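# Per-entry structural report
Residue-level listing of the chains:
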Amino acid sequence: MAEEPKVGGEETSKMTSTTTVDGGHKGKWRRRWGYGGWKGYNGGHKGDEKGYVATNIWRSISQFILILLVLVAVIALILWLIYRPHKPKFNVVSAAVFNLSTSTPPFISTTMQFTVVTRNPNDRASIYYDRLSAFVTYKNQMITPHLTLPPLHQRKDSTVLMSPILGGVAVPVSLDVANDILMDMEGYGLVQLRLVLQGRIKYKAAGGIKTSHYDLYVSCDMLLGLKKGMVGQVPLLNSNHDADQDQDHHPCKVDT
């Protein structure tokens, strides 16, 4: 009987302790949620949300740019496959020599005219030529100076004739070249020459689509029936003389 108050005291003490603990917890929750703690925590959460949104925006922009670049590349490839421009074709169909002589120290003086057929084989693209020039070589040495040619716009699937007159100025050459060209004229009546055309071209397809410029280098090897003293039109051997036909018999070599 003497121990009953002691037990009640323990229960009271436990209840008091529980109340104290609960009150302590409530105080902690109040400090965390009710006295500015939540506000500070919520502010940090909003900062994280802003960073997350900014990251998503930049990620979306990057994905959009990547998709756009891929689409542009695909469209460009499709257009290239549709139009796919081919190189122009060149051929020399006639030649005239008005003067060809040598002098000392070794110079070659000559005046020549060549009729060149250039054909655009593309039926969907025209060709623009610029920075064109022409000269003649003999055994890989120039015997005429560079002649600047005017710009040219060649329509699709069309043929153009050019007749540049080259030379008129003495050009220094090696002694071997001077002697060999005289020997060819006097002994054989045949002279192997090369006409060179160089410049730039670009293609224009339907819808105004233009390509970038391409370097153009055309080399036309010719065998002329030329004897010393001949003036005017000379035979152009092993060549197709019909300018209206596709010049595929001995075409010039075209590099772009």
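Preceding this paragraph is the structure being described.
In what follows, the accompanying structure is described. (Residues numbered from 1 in each chain as written. Predicted model: local features only at pLDDT ≥ 70, side-chain atom pairs only at ≥ 80, totals over all residues. Heavy atoms only, no water.)

Let's shift gears to unusual backbone geometry. Cis geometry marks the peptide bond from threonine 104 to proline 105, where omega comes out at -5°. For proline 105, the position within the fold is in the loop between strand E1 (89-103) and strand E2 (107-119). Even without being a glycine, asparagine 140 presents a positive backbone phi close to 65°. We note that aspartate 157 has phi near 50°; this positive angle belongs to a residue other than glycine. (Helix = DSSP H or I, 4+ residues; strand = E, 2+ residues; numbered from the N terminus.)

Before going further, it helps to examine helix H3 (residues 175-188). Between its first and last C-alpha, H3 extends 19 Å over 14 residues, near the 20 Å set by a 1.5 Å rise per residue. Along H3, the residues classified as buried are Val177, Ala178, Ile181, Asp184 and Met185. Buried positions in H3, seen along its axis, are confined to an arc of 130° and lie on one side of it. Summarising the geometry of H3, the exposed residues directed more than 90 degrees from the buried face are Leu175, Asp176, Glu186, Gly187 and Tyr188. Looking at the buried residues of H3, the elements they touch are E1, E2, strand E3 (125-138), strand E4 (141-142) and strand E10 (190-205). Looking one or two residues beyond H3, the residue adopting positive phi is glycine 189, at roughly 70°. (Expected span 1.5 Å × (residues − 1). Buried < 20%, exposed > 50% of the residue type's maximum accessible area, 1.4 Å probe, protein only. Arc of directions from axis to C-beta. Contact = heavy atoms within 4.5 Å.)

One pass over the full model with this rule turns up 2 aromatic pairs. Between phenylalanine 90 and tyrosine 129, the ring centres sit 6.4 Å apart and the planes meet at 90°, which makes this aromatic pair edge-to-face. On the criterion of sequence distance, the pair formed by phenylalanine 90 in strand E1 and tyrosine 129 in strand E3 is long-range, its members being 39 residues apart. Comparing phenylalanine 90 with tyrosine 129 shows no difference in burial state: the two are buried. Between tyrosine 203 and tyrosine 214, the ring centres sit 6.0 Å apart and the planes meet at 65°, which makes this aromatic pair edge-to-face. With tyrosine 203 in strand E10 and tyrosine 214 in strand E11 (residues 214-225), the pair connects residues that are 11 residues apart, well separated along the chain. Classification of tyrosine 203 by relative accessible area gives buried; the value is 5%. (Phe/Tyr/Trp six-rings, centres within 6.5 Å; stacked < 30°, edge-to-face > 60°.)

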